[in-house]
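This is what each chain is made of:
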Amino acid sequence: MKKDVFITVRGLHQRFGENHVLRGVDMEVYKGETLVLLGGSGGGKSVLVKHFLGLLQPLEGTVEVEGEDISTLNERQIGPVRRKIGMMFQNGALFDSMTVGENVAFSLRQAGEKDEAKVKQRVQDVLDIVRLPNEAGKMPADLSGGMRKRVALARAIIDHPACVLYDEPHAGLDPITADSIDRLMKHLQRDYEMTNVIITHEMRSVFRIADRAIFLKQGQIYWQGTPEELKCSQDPELKHFIEGNSRPDEGWS
Ligand SMILES: Nc1ncnc2c1ncn2[C@@H]1O[C@H](COP(=O)(O)OP(=O)(O)OP(=O)(O)O)[C@@H](O)[C@H]1O
Ligand SMILES: [Mg+2]
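Residues numbered from 1 in each chain as written. Chains lettered and ligands numbered in written order. Predicted model: local features only at pLDDT ≥ 70, side-chain atom pairs only at ≥ 80, totals over all residues.

> An account of the environment of A178 is requested, with residue identities and associated values reported.
Its place among the elements puts A178 in helix α6 (residues 175-192). According to the C-beta neighbour criterion, A178 is buried, with 20 such atoms within 10 Å. Along the sequence, A178 and R204 sit 26 residues apart, while their C-alpha atoms lie 9.7 Å from each other. Residues within four places of A178 in sequence aside, it is in contact with H170, L173, E202 and S205. (Helix = DSSP H or I, 4+ residues; strand = E, 2+ residues; numbered from the N terminus. Buried ≥ 20, exposed ≤ 12 C-beta atoms within 10 Å, placed from the backbone. Contact = placed C-beta atoms within 7 Å.)

And the structure:
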């Protein structure tokens, strides 16, 4: 069966000064899949997904969203592309001076939605989805880490995106809360046909919810396959990563 492609990345390079972070990334994100991006810390995972939203311009190479090369678009033209893709940032990126409800409504208002009754209803709908039905009036500082993650998720999905990028949705969560985030992401995929791209170090979640995994190393795609293939892989690099061992050649042993 031919899978429809949602995002295509070809020959993507990115560099910050001397730091050549992405060195020719070629990959696809298929419509409706849950794709997990793996790789060592500082390897360029967050940098890579920022290109999917046009938050960074490729130094070389292209990023296409539903067949449209987004690297050629200006700020105004990129608006409709960003509405297709929600992003849950690594640090949550909530505005501390705004209530949960205002945080969640932010992108709708940014997109020009003036109908306050509609905004309120939509905020309630997404807070229900992330199981925080009564928290719209709270301030972010009064929430637990897991609740903040769920607010960030509500904010990412309020504008009905076709795809959501999650940057470390499990970081700092206890296993039960991490599990509830997993179930939410899977629910969005199944019931709303959302495409999920998840950056995580949480291997339990990879084996539980991913349809496919990609391993980034030295700025390139080192490996890709299903979670089953990952589990069976004899590649020492992947085995070390899965088992969470640091390598002897890193000099810490
Ligand atoms: N805006 C920026 N300016 C300069 N350097 C940057 C910028 N963004 C990222 N980098 C650098 O690019 C490299 C890759 O960063 P990135 O955040 O993508 O790593 P990561 O794979 O997401 O790591 P982690 O798992 O720790 O989140 C790092 O060396 C980082 O310091
Ligand atoms: Mg990161």
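> I'd like a rundown of unusual backbone geometry, residues and numbers included.
In this structure, E66 is a non-glycine residue whose phi angle is positive, near 45 degrees. Relative to the helices and strands, E66 resides in the loop between β4 (60-65) and β5 (68-69). Even without glycine at this site, E193 takes up a positive phi of about 55 degrees. Relative to the helices and strands, E193 is located in the loop between α6 and β8 (195-199).

> Any details on the site of ligand 1? Residues and values, ideally.
Taken together, F16, N19, V21, G39, S41, G42, G43, G44, K45, S46, V47 and Q90 make up the full set of residues near ligand 1. Mapped onto the shell around ligand 1, the elements with two or more residues apiece are β2 (19-30) and α1 (45-52). Here the shell around ligand 1 takes three residues from α1, the largest share from any one element. Taken together, the residues of the shell around ligand 1 sort by class into three nonpolar, eight polar and one charged. (Near = placed C-beta within 6 Å. Nonpolar A, V, L, I, M, F, W, Y, C, P; charged D, E, K, R; others polar.)

> Tell me what's going on with the pairing of strand β1 (residues 5-16), and back it up with residues and numbers.
Both β1 and β2 contribute to a ladder of nine bridges, which runs antiparallel. Considered in β2, the bridge of R15 is made with H20. Hairpin connection of β1 to β2: two residues between the antiparallel strands, including G17 at a positive phi of 60 degrees. (Pairing = 2+ DSSP bridges.)

Coordinates in, geometry out; function isn't part of it.
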